[in-house]
Amino acid sequence: MLRPAGLWRLCRRPWAARVSAENPGRREITSGVSPRGSTSLRALNIFDRDLKRKQKNWAARQPEPTKFDYLKEEVGSRIADRVYDIPRAFPLALDLGCGRGYIAQYLNKKNSLETEIPTVSVLADEEFLPFRENTFDLVVSSLSLHWVNDLPRALEQIHYILKPDGVFIGAMFGGDTLYELRCSLQLAETEREGGFSPHISPFTAVNDLGHLLGRAGFNTLTVDTDEIQVNYPGMFELMEDLQGMGESNCSWNRKALLHRDTMLAAAAVYREMYRNEDGSVPATYQIYYMIGWKYHESQARPAERGSATVSFGELGKINNLMPQGKKSQ
Amino acid sequence: MSVNGAVGRVRSRLRAFPERLAACGAEAAAYGRCVQASTAPGGSLSKDLCAREFEALRSCFAAAAKKTLERGC
């Protein structure tokens, strides 16, 4: 199983340098020109990917990096469950944005025939995948696509590298993630400073996910949502954990400074508005799980209009009908 | 991002925040209630709407900081 993580410096740097030279010190969303001849100027440049790489490297260098892995381990195990739901063997798989690898370990334990899945780590950029067409039977991605600037393009690339009848299983953060933190910071900043700036990344909406996957060419889409609530002693501990996970804000339009007064005010608001009975404060992580297939002739397609051989009125006798005729899928 | 530089000093100061905030529970709750009241229908949040409560919170926080400094933490 190949596991790319982090950035591929060779491809990334010239483009990133050009963008920052044009906008020295300006904090606004810039729409960069999409590289490699995309059909439109739809590429957004929301996140500073170089900074994200530095943040993740910093987090990995901390004394105990694995103590912040609880969320990614949990989502990794749920993705592994979804892989197991598909009754197929996948000879070659890709874990996109794997970090320290949270999915492979769950696939190892349950599989009694082989104790170790051979893995190769590749340092690459999620937006510029260095693989050939029709390479992988399975692509999984757990909680890393929310830092991708051009998500439609990344999904198209995933579709490209999949074999026909290959499947993509992904998990992304949803719109309700950390809403308590976002609201507390917003209210505190408004009260203390008169305005507010976004401190939480924008997340993809669940409707848009379906459209994006469809546009990238995936069939038979499944999107479902899940909420994980983690309790923390207070807002500062939550922010420390987010930093330790390598999930600090890296948008171009982030404010450079969060005043101590504002932080104090936000912590007080957070505690008052959202605390649990035992005094801890909850933080919600909303996860969207998506499954998309690459087209293959063997896959089920909607039947032609007028080709029905049984009527819905006979639904009560379905047990008798099923062994007889063809099952219309 | 050196441990001994400016960022390191800010981080070590930040780590003491939760303890000091715990010492000022009442003031924090008062400030929080004031802000939360402004989110109710009919209320509006403007700058320094809860300045009084925040000043109380800030002075309590500073007092707690002084106390921990005297304790030698």
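All values derive from a computational prediction rather than experimental measurement.

Undergrad: Explain the overall build of chain B to me, please; I cannot follow it from the model alone.
TA: A count of helical and extended segments in chain B gives four helices and zero strands. Taken from N to C terminus, the helices and strands of chain B fall in the order α-α-α-α. A globule of 73 residues ought to have a C-alpha radius of gyration of about 11 Å, yet chain B, at 16 Å, is considerably larger. The C-alpha extent of chain B, read off along each of the three principal axes, is 50 × 30 × 15 Å.

Undergrad: Help me understand the state of the cysteines in this model?
TA: All names here are of chain B. Across all of its chains, the model carries two disulfides over all chains by this definition. A sulfur-sulfur distance of 2.1 Å marks the disulfide that ties cysteine 24 to cysteine 60. When the S-S torsion is -100°, as for the bridge of cysteine 24 with cysteine 60, the disulfide is left-handed. Taken together, the positions of cysteine 24 in the loop between helix 2 (17–23) and helix 3 (25–38) and cysteine 60 in helix 4 (residues 51–71) put the pair 36 residues apart, joining distant regions of the chain. Across the disulfide from cysteine 34 sits cysteine 50; the S-S distance is 2.0 Å. A torsion of -85° about the S-S bond marks the disulfide between cysteine 34 and cysteine 50 as left-handed.

Undergrad: I tried to follow the side chain of arginine 49 of chain A on my own but got confused; where do I start?
TA: On the secondary structure map, arginine 49 of chain A appears in helix 2 (residues 49–61). Among the polar contacts made by the side chain of arginine 49 of chain A, one reaches the side chain of glutamate 126 of chain A at a distance of 2.8 Å.

Undergrad: What should I look at first to understand helix 3 of chain B in this one?
TA: Helical periodicity: at 3.6 residues per turn, an α-helix aligns residues three or four positions apart in one direction. When the terminal C-alpha atoms of helix 3 of chain B are compared, their 20 Å separation across 14 residues agrees well with the 20 Å that a helix rising 1.5 Å per residue should span. The set of residues buried in helix 3 of chain B consists of Ala28, Ala29, Tyr31, Gly32, Cys34, Val35 and Ser38 of chain B. Each element contacted by the buried residues of helix 3 of chain B is listed here: helix 6 (179–193) and helix 9 (260–274) of chain A together with helix 2 and helix 4 of chain B.

Undergrad: Explain helix 3 (residues 70–85) of chain A to me, please; I cannot follow it from the model alone.
TA: Counted at 1.5 Å a residue, the expected span for helix 3 of chain A with its 16 residues is 22 Å, and the 23 Å between its end C-alpha atoms agrees. Of all the positions in helix 3 of chain A, only Leu71, Lys72, Val75, Gly76, Ser77, Ile79, Ala80, Arg82 and Val83 of chain A are classed as buried.

Undergrad: Help me understand the pattern of salt bridges in this model?
TA: Close approach of charged atoms allows side chains with opposite charge to pair. Residue and element names in this part refer to chain A. Under the criterion given, the structure shown has 20 salt bridges over all chains. Notably, a salt bridge pairs lysine 255 with glutamate 189, separated by 3.2 Å at the nearest N-O pair. Within this pair, whereas lysine 255 is found in the loop between helix 8 (235–244) and helix 9, its partner glutamate 189 is found in helix 6, the two being separated by 66 residues in sequence. Exposure remark for glutamate 189: the relative accessible area of 1% places this residue in the buried category. Residue arginine 192 is joined to glutamate 191 by a salt bridge in which the shortest nitrogen-to-oxygen separation is 2.9 Å.

Undergrad: What should I look at first to understand the packing of aromatic side chains in this one?
TA: Two aromatic rings are characterised by how far apart their centres lie and by the angle between their planes. Residue and element names in this part refer to chain A. The tally for this structure, following the rule as stated, stands at 10 aromatic pairs over all chains. Ring centres of tyrosine 179 and tyrosine 274 lie 6.1 Å apart, and the angle between their planes is 90°; this geometry places the pair in the edge-to-face category. Here tyrosine 274 lies in helix 9 and tyrosine 179 lies in helix 6, a separation of 95 residues in the sequence. Its relative accessible area of 17% is what places tyrosine 274 among the buried residues. Where tyrosine 270 meets tyrosine 274, the ring centres are 5.7 Å apart and the plane angle is 80°; that geometry is what we call edge-to-face.

Cut-offs applied
- Residues numbered from 1 in each chain as written.
- Chains lettered and ligands numbered in written order.
- Predicted model: local features only at pLDDT ≥ 70, side-chain atom pairs only at ≥ 80, totals over all residues.
- Heavy atoms only, no water.
- Helix = DSSP H or I, 4+ residues; strand = E, 2+ residues; numbered from the N terminus.
- Rg over C-alpha atoms; globule rule 2.2 N^0.38 Å.
- Disulfide = S-S within 2.5 Å.
- Polar contact = N/O pair within 3.5 Å; in protein donor to acceptor, adjacent residues only side chain to side chain.
- Expected span 1.5 Å × (residues − 1).
- Buried < 20%, exposed > 50% of the residue type's maximum accessible area, 1.4 Å probe, protein only.
- Contact = heavy atoms within 4.5 Å.
- Salt bridge = Lys/Arg side-chain N within 4 Å of Asp/Glu carboxyl O.
- Phe/Tyr/Trp six-rings, centres within 6.5 Å; stacked < 30°, edge-to-face > 60°.

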